[in-house]
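An overview of the molecular structure
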There are 2 protein chains.
Amino acid sequence: LVRREVTRVITPGLILESQNLSAKKPNFLAAVSRSKRAMVFGLAYLDVSTAEFRVVEVDSEEALQEEILRVSPRELLIPDGEDPLWVHQLQRRMDFTLTSLDRIDFDRHRSEERLVEHFQVHSLEGFGIQNMEQGIEAAGAILAYMQANLLGKCDHIRKLLPYSRSDYMILDEATVRNLEVFQSSSFQGRQGSLLSVLDRTRTSMGGRKLQQWLRYPLLDLDRIKARQEAVAELVEHAELRTEILNCLEGMNDIERLNSRNCTGTSTPRDLVALKKSLQVLPALKKMLHSCRSPLLQELDQSWDELSDVAELLEATLTDPPPLTLAAGGVIRQGVHQELDHYVRLSRDAKSWMAEYEARERQETGISSLKVRFNKVFGYYIELSKSNLSAVPSHYFRKQTLVNAERFITEELKTFETQVLEADEKRQELEQQLFVELRQAIVQESERIQSMAGNVARLDSLASLAEAAAKNDYCRPVLDGGEVISIRDGRHPVIEQFLQEGSFVPNDIHLDQEKQQIIILTGPNMAGKSTILRQVALIVLMAQVGSFIPASAARIGLVDRIFTRVGASDDLARGRSTFMVEMQETANILHQASPRSLIILDEIGRGTSTFDGLSIAWAVAEHLHDFKDVGIKTLFATHYHELTAMSETRPRVKNFNVAIKDWQNEILFFHKLLPGGANRSYGIQVAQLAGMPQEVTQRAKEILAGLESGQTSLVPRPGPEQRRSRRFKEEDTAIQLSLFKPSLQWLRD
Amino acid sequence: LVRREVTRVITPGLILESQNLSAKKPNFLAAVSRSKRAMVFGLAYLDVSTAEFRVVEVDSEEALQEEILRVSPRELLIPDGEDPLWVHQLQRRMDFTLTSLDRIDFDRHRSEERLVEHFQVHSLEGFGIQNMEQGIEAAGAILAYMQANLLGKCDHIRKLLPYSRSDYMILDEATVRNLEVFQSSSFQGRQGSLLSVLDRTRTSMGGRKLQQWLRYPLLDLDRIKARQEAVAELVEHAELRTEILNCLEGMNDIERLNSRNCTGTSTPRDLVALKKSLQVLPALKKMLHSCRSPLLQELDQSWDELSDVAELLEATLTDPPPLTLAAGGVIRQGVHQELDHYVRLSRDAKSWMAEYEARERQETGISSLKVRFNKVFGYYIELSKSNLSAVPSHYFRKQTLVNAERFITEELKTFETQVLEADEKRQELEQQLFVELRQAIVQESERIQSMAGNVARLDSLASLAEAAAKNDYCRPVLDGGEVISIRDGRHPVIEQFLQEGSFVPNDIHLDQEKQQIIILTGPNMAGKSTILRQVALIVLMAQVGSFIPASAARIGLVDRIFTRVGASDDLARGRSTFMVEMQETANILHQASPRSLIILDEIGRGTSTFDGLSIAWAVAEHLHDFKDVGIKTLFATHYHELTAMSETRPRVKNFNVAIKDWQNEILFFHKLLPGGANRSYGIQVAQLAGMPQEVTQRAKEILAGLESGQTSLVPRPGPEQRRSRRFKEEDTAIQLSLFKPSLQWLRD
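Scoring rules and cut-offs
- Residues numbered from 1 in each chain as written.
- Chains lettered and ligands numbered in written order.
- Predicted model: local features only at pLDDT ≥ 70, side-chain atom pairs only at ≥ 80, totals over all residues.
- Heavy atoms only, no water.
- Axes fitted to C-alpha atoms, helices over the stretch in contact; angles between N-to-C directions.
- Helix = DSSP H or I, 4+ residues; strand = E, 2+ residues; numbered from the N terminus.
- Left-handed = near helix turned anticlockwise from the far one by under 90°.
- Contact = heavy atoms within 4.5 Å.
- Nonpolar A, V, L, I, M, F, W, Y, C, P; charged D, E, K, R; others polar.
- Buried < 20%, exposed > 50% of the residue type's maximum accessible area, 1.4 Å probe, protein only.
- pLDDT = per-residue confidence, 0-100.
- Patch = residues over 30% accessible without salt bridge, like charges linked within 9 Å, V, L, I, M, F, W, Y side chains within 5 Å.
- Areas by Shrake-Rupley, 256 points an atom, 1.4 Å probe, with all protein chains shown as cover.
- Salt bridge = Lys/Arg side-chain N within 4 Å of Asp/Glu carboxyl O.
- Lys, Arg positive; Asp, Glu negative; His and termini not counted.
- Charge placed at Lys NZ, Arg CZ, Asp CG, Glu CD.
- Pairing = 2+ DSSP bridges.
- Arc of directions from axis to C-beta.
- Parallel < 35°, antiparallel > 145°, perpendicular 65-115°, else oblique.
- Phe/Tyr/Trp six-rings, centres within 6.5 Å; stacked < 30°, edge-to-face > 60°.
- Core = buried A, V, L, I, M, F, W, Y, C linked by side-chain atoms within 4.5 Å.

What about the packing of helix α1 (residues 61-71) of chain A against helix α2 (residues 85-93) of chain A?
Residue and element names in this part refer to chain A.
- At their nearest, the axes of α1 and α2 sit 11 Å apart, and the two run at 35 degrees to each other. Considering the relative orientation of α1 and α2, their crossing is right-handed. Of the residues in α2, those touching α1 at Glu61, Leu64, Gln65, Ile68 and Leu69 are Trp86, Gln89, Leu90 and Arg93.
- The residue inventory of the contact of α1 with α2, partitioned by class, reads five nonpolar, two polar and two charged.

Set out below in structure tokens:
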């Protein structure tokens, strides 16, 4: 009977085994603490498998939810007895385990003490979190939970990084989903996402880092430029880039290997994998040495080749090692004299058995005599029953089988004792030496962890450079200005699905002076949604430090991208399609700032025409008039009437997507042109979609009927209108231009 | 060294281990064969874990795709070298492994031979598949693949069930998704689905059966009525129902246990689980005996209590058995004399050791003397170094530790040999007896399998009855007529989310004479989508044989339910939202028959108002005029103009959902009323959604501006119109009623 102790408790947020983790995804355990007095939340989160430990404070439930959705933890800790609404709302939007922890674990002072003690620091000032009261509580709770469940094995957590939401572009979950940053809706997976285009990382660490970059685009020009320069250098030096990527190819997940080491769960194979990865470091160092961009130089300077660690591993462990420690043969010959001795004994046993067998055969004259070993009986001599008469007297009977007898001799017994003893000793010694080695490596875990970070950064930079080079991206100019100007922009994902060079690029210019709100009209299938999203994706990529699919661009930093796209209802929660649409729009109007970029792909479609048009109109006006400066907006719509707004609102400009109606077929040019469209060619698209001809024919007749009367939706001023105040000077303009019939154009 | 042989190859479609299977979901391996001459496809699919094996033939790629989506196999076999487009289309819509098989495995004659041989039948006529050429090919391929990979262990597959698509209501994947039959979009899982409301099954077999029923609603009145009557009986007899469900609670997945038996992978625990399940059968039989509905009587008559099997298991196996066979103690005492003997020896060892220890202590005078056993050295006597002087001469030194010495004696050695031998024998015998037992059970596998089916059916019927009783459902009258008439219908899922009794029921009547197409208008959030879907769900439930959430209903059989709901684009595949919408609509128009039921929740929204309206109008007309009989349709729309169609199309009727505009707030009554609506209250809903007040205020002004002019979209007849032929007698009607302004109502 083996006595078993609980050595650790595994919860969803505390998984270390690689088979239960997704290599390129972090596995976060998060905790939230709320201030009793003010609306301040502390959110801390930790990936035990990589030792990434971050903390942030936010000042509203909305921001808290957004941030948790961005982090998407596997497990969330809250104080016992709390059951806030936001948790329930979150649980409907993502899948995580909710764990209630004793309130005492969130206690400010205890948390601070716990953190100070764990990190062995004098105070938390070194981490710059001394004033984050809620943050400290949340981080302390995580530490308490981890210590209780991993039973202390968490020495590898050496850093706690605070950040502020204002350091990063805010990307809410809907926008991340709508822009298909990490997952595409078409494929329900990575394929078709922005990530799939940009991720050419060769290591799991790099993959996770790149995802983090995409999740947190920067707002700091210097940091963006530093990344850009590193990417630029690697784009230019194709050979260097390829060498770096090839080198990285051979590298394992040293971040997680290191964590397994520190928690004492690593196997011989883990340590050998670590060794092989470390052995790549010097070659990478050499490559970095020639680089001139500051970020790569910084990597070079802080590059620790860890040769001592690699050499220790190389000198101590066999390669390849056996699958488990128990199998024996993990430690190299020459490392430990006594061990070598026992190994030799063990190894010599076989030849001794053969010799002994030969000797006994000769002495007894029984040629079928066998010397064997099995686990239950140990060593024995086996003779068939027919030879029993020739058995010498010093043979002791040990076991009787149907056709054979098994014997033991004093000599064999002595030998057995020696061999078994040697084996046991060997096992013990190997175990001990292995644990010692592991401890020696744990001593260097901080260095290893820091190099894991360096490797991840290098991998991400090289990946962005590789994507830029392969896809013909350009380096955008970023500044603190208010202009977004993109020449020959493309959609990074969709162009991948088309033949090379066949994607039609478009220029887009937005500023705060003349062209702030673009009303984009044009037929179905012409590519309006694509253009809208490509602008948002390009801005996002630019602020990550990536190059972009365009020939040139100038981008003033954007604090947040908002999107309102698509529609689906949510009956179980009592929300109609239109309700969902309106809630999302309301959310944008409440949160956007003049530095935001807004993408609206149709709003007001889920209700009657007049209602929808009125709402769309009012929203567009609101965005234009916002705090007298307005917000940069791309607004695609089939309400052609909205194009009239450009006549009353100076910074509203109309564009449409070119098509040609040729011999009753539509040709799509996907080219953006100034001016509004006044036809949507819906029936032609229905025809393309395979609608029965008699239906489209009839629809055309009905349409002709509708159009052939004067298309006079123009409202005449009635008594109500005069009552309303704001309907004054614009009235005439609206009345003249709203739904201005362009029937002439239609008949051309 | 243990010699390892490949005993089976595991592919996604050939999983047997329960931990890799979802208990209530089937795990199908499918194969498709296509005729060289005509457009005929054979589709066969098998769940090895439950032995369900079905085959069907279809006559178009579309039908094939639909059927595969319905089956949703984990693995699909096609002939090597074929790479048809439909496979790629499928792979974008669901996740499965595609496996190419040698063409020879699909060969008609070989397949037939293989099937005949496997099932040990004279010909395939017994299965009624002799004329399904492609079906035979596909089924033969599955058999070939299974035999090759499971290495012959597939004797439990005893039946091949052919069916025809025309036996069942067709439910395409979009409809299943839109109606949230198995998964809700809100929760991305079972919660909020129709299944979650109806599934009160207590066994995995029942769960799978119920899902199959929901996936394949019936078209055969007799079969539906048979299920209804069984459900009715169980609804009435609440006590009986509860007893049955409680009984079933104790039952394991005998279908899969049986399969594991047949493939030789079952453990002692599996067999004990099987026993416990079989022991429930007599009690269930007793309950069934009192039933009078034909289906339950049929179950009673074919109910095999399998007492002989249960008794054999009970008599042979200990309960609870050890985790593995190797641990020993699987076979009961009394089953095998020799085994008992060895077990006794083994058991007596401990007391012998204690006795021996006491004796030796006394003889040597060393009170700290210990007799122990370990795996490496076997039995030994341990003495501390301080006692070495007192060691008797017949003690042989065996091992030296730091503070102790270990010894063996002749007596202990003899004892050891006996004990170890006994242990080995015991293991061998247990292994042998267990395998014999398993084989005996395999002999009865057909009976067990058939009872698994009976249990599944009983469980599903009881589940439907339980759901009916708990949710206050009624029994609908089904007939071959053309009327769908529902009194006080409710949405089965949404009512679960509301307080009991607070869901507002509605009557719906559809026929082919007077009220065939319902145009449903009304404000946003009033519940149009809910009403539409509840009608479809009620019809589906009725044809499954379930009771329905209504106070009464008469339902003429529907051959297919179509839905067009929601909207999302698919940019990566180059399909705009509107394109997706039009393709789905086109699909409906091509495939619907006069016996279908169509649900259209907004069409034509993704394009300009005139285009969309024209298309919606033409589609509605088409559905009305279809083959001069029309198709029953529920059409929700915000194009209030469509309500005018009732004046020119006799079987079109208008309904709206009641609300009251009271002191600038809207009250939702969720009640269906005859007549059209002419306002959508979009702005009020936007207000409810939290849109900033200045925006909704402005939207109201704009709306007032639009409305206060005469809302005269009425087309005047122009020169084009006279050219078109079909625009004749309807013209006047349309011109008069289209967009008829009801401003008076609005101002009330």
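Moving on from the model shown.
Some thoughts on the environment of Ile588(A)
- Structurally, the position occupied by Ile588(A) is in helix α20 (residues 577-591).
- Those residues in contact with Ile588(A) that lie beyond four places of it in its chain are Phe562(A), Thr563(A), Arg564(A), Ile598(A) and Leu600(A).

With respect to unusual backbone geometry
Residue and element names in this part refer to chain A.
- Put simply, aspartate 319 and proline 320 share a cis peptide bond, and its omega is 0 degrees.
- With respect to the helices and strands, proline 320 occurs in the loop between α14 (307-316) and α15 (337-364).
- One non-glycine residue with positive phi stands out, namely aspartate 488, at about 55 degrees.
- Tracing the chain through its elements places aspartate 488 in strand β12 (residues 484-489).
- For aspartate 488, a relative accessible area of 27% gives the class partly exposed.

Focus on the confidence of the model for chain A
All names here are of chain A.
- Here chain A averages 85 in pLDDT, while 90% of its residues score no lower than 70.
- Below pLDDT 50 for its whole length, residues 710-748 participates in 67 contacts with residues either more than four positions away or in separate chains.
- In the model output, the complex is listed with pTM 0.76 alongside ipTM 0.74.

Concerning a negative patch on the surface
Residues and elements named next belong to chain B.
- Residues Asp107, Glu112, Glu113 and Glu117 make up a contiguous surface patch of negative charge.
- Considering the arrangement of structural elements, one finds glutamate 112 in helix α3 (residues 108-119).
- Note on glutamate 112: relative accessible area 31%, which makes it partly exposed.

Brief notes about the pairing of strand β11 (residues 404-408) of chain B
Residues and elements named next belong to chain B.
- With respect to burial, β11 is a largely interior element, five of its five residues being buried.
- Of the two faces of β11, the one carrying Ala404, Arg406 and Ile408 and the one carrying Glu405 and Phe407 are both buried.
- Bridge count for strand β9 (residues 378-384) against β11 is four bridges, and the pairing is antiparallel. The partner of isoleucine 381 across the bridge, within β11, is phenylalanine 407.

Some thoughts on helix α14 (residues 307-316) of chain B
All names here are of chain B.
- When we look at burial in α14, the residues that qualify are Val309, Ala310, Leu313 and Thr316. Projected down its long axis, α14 carries its buried residues within an arc of 145 degrees, all on one side.
- Contacts from the buried residues of α14 go to α11 (268-278), α16 (410-442) and α17 (445-471).

With respect to the side chain of Lys275(A)
- Tracing the sequence through the fold places Lys275(A) in helix α11 (residues 268-278).
- For Lys275(A), the residues in contact, after removing those within four places along its chain, are Ala310(A), Leu313(A), Glu314(A) and Asp319(A).

As for the sheet that holds strand β13 (residues 506-510) of chain A
All names here are of chain A.
- Strand order across the open sheet formed by four strands is β11-β15-β12-β13, with mixed pairing between neighbours. The outermost strands of the open sheet, each flanked by one partner alone, are β11 (477-479) and β13. Looking at each pair of strands side by side, their axes are set apart by 15 degrees on average, direction ignored.
- With three bridges connecting them, β11 and strand β15 (residues 552-556) associate as parallel partners. Across the sheet, residue valine 477 finds its bridge partner in β15, namely arginine 554.

Concerning the environment of Val539(B)
All names here are of chain B.
- Note that valine 539 resides in helix α19 (residues 528-544).
- Classification of valine 539 as buried rests on a relative accessible area of 0%.
- The sequence separation of valine 539 and proline 476 amounts to 63 residues, and the corresponding C-alpha distance is 9.3 Å.

Some words on the packing of α14(A) against helix α16 (residues 410-443) of chain A
Residues and elements named next belong to chain A.
- Direction vectors running N to C along α14 and α16 enclose 170 degrees, while the axes themselves pass 11 Å from each other. Between α14 and α16, the crossing angle belongs to the class labelled roughly antiparallel. On α16, the residues touching Val309, Leu312, Leu313 and Thr316 of α14 are Leu437, Ala440 and Ile441.
- Here the residues of the contact of α14 with α16 are counted per class, giving six nonpolar, one polar and no charged.

Observations regarding the sheet that holds strand β14 (residues 517-521) of chain A
Residues and elements named next belong to chain A.
- On the basis of which strands lie adjacent, the open sheet formed by six strands has the order β16-β17-β18-β14-β19-β20 and mixed pairing. Edge strands, defined here as strands with exactly one partner in the open sheet, are β16 (561-564) and β20 (665-674). Averaged over all pairs of adjacent strands, the angle between strand axes in this sheet comes to 15 degrees, irrespective of strand direction.
- Sheet analysis places strand β17 (residues 597-601) next to strand β18 (residues 632-636), joined by five bridges and oriented parallel. Directly across from leucine 600, in β18, lies its bridge partner phenylalanine 635.
- Across the sheet, α20 is in contact with β16 and β17; its angle to β16 comes to roughly 160 degrees.

Remarks on the packing of aromatic side chains
- Tallied over the entire structure, the rule returns 26 aromatic pairs over all chains.
- Centre to centre, the rings of Tyr163(B) and Tyr168(B) are 5.8 Å apart; their planes meet at 75 degrees, and the pair counts as edge-to-face. Assigned by exposure class, Tyr163(B) and Tyr168(B) land together as buried.
- These aromatic residues form a ring-pair network of at least three members: Phe28(A), Tyr45(A), Tyr163(A), Tyr168(A) and Tyr216(A).

Let's talk about the pairing of strand β2 (residues 41-47) of chain B
Residues and elements named next belong to chain B.
- Buried residues dominate β2, accounting for seven of its seven residues.
- Residues Phe41, Leu43, Tyr45 and Asp47 point to one face of β2 and Gly42, Ala44 and Leu46 to the other, with burial holding for every one of them.
- Inspection of the sheet shows strand β1 (residues 29-34) paired to β2 by six bridges, in the antiparallel sense. Residue pairing in the sheet places alanine 30 in a bridge with tyrosine 45 of β2.
- Hairpin connection, β1 to β2: the antiparallel pair is bridged by six residues.
- Pairing of β2 with strand β3 (residues 52-58) involves seven bridges; the strand directions are antiparallel. In the sheet register, alanine 44 faces β3, and the bridge partner there is valine 55.
- In this antiparallel pair of consecutive strands, β2 and β3, the connection spans four residues, and alanine 51 shows a positive phi of 70 degrees.

Remarks on the nonpolar core
- Formed by 176 residues in total, the largest nonpolar core has its most connected members in Trp86(B) and Leu284(B).
- Broken down by element, this core gets its largest block of residues, twelve residues, from α17(B).
- One finds Ile68(A), Leu76(A), Tyr342(A) and Ile555(A) within the second-largest nonpolar core, a separate group that totals 175 residues.

Regarding the pattern of salt bridges
Residue and element names in this part refer to chain A.
- Tallied over the entire structure, the rule returns 92 salt bridges over all chains.
- The salt bridge partner of aspartate 172 is arginine 560, with a shortest N-O separation of 3.2 Å. Note that aspartate 172 is positioned in the loop between β6 (161-163) and α5 (173-178) and arginine 560 in the loop between β15 and β16, a separation of 388 residues in sequence.
- By relative accessible area, which is 9% here, aspartate 172 ends up buried.
- You can call arginine 560 buried: its relative accessible area is 5%.

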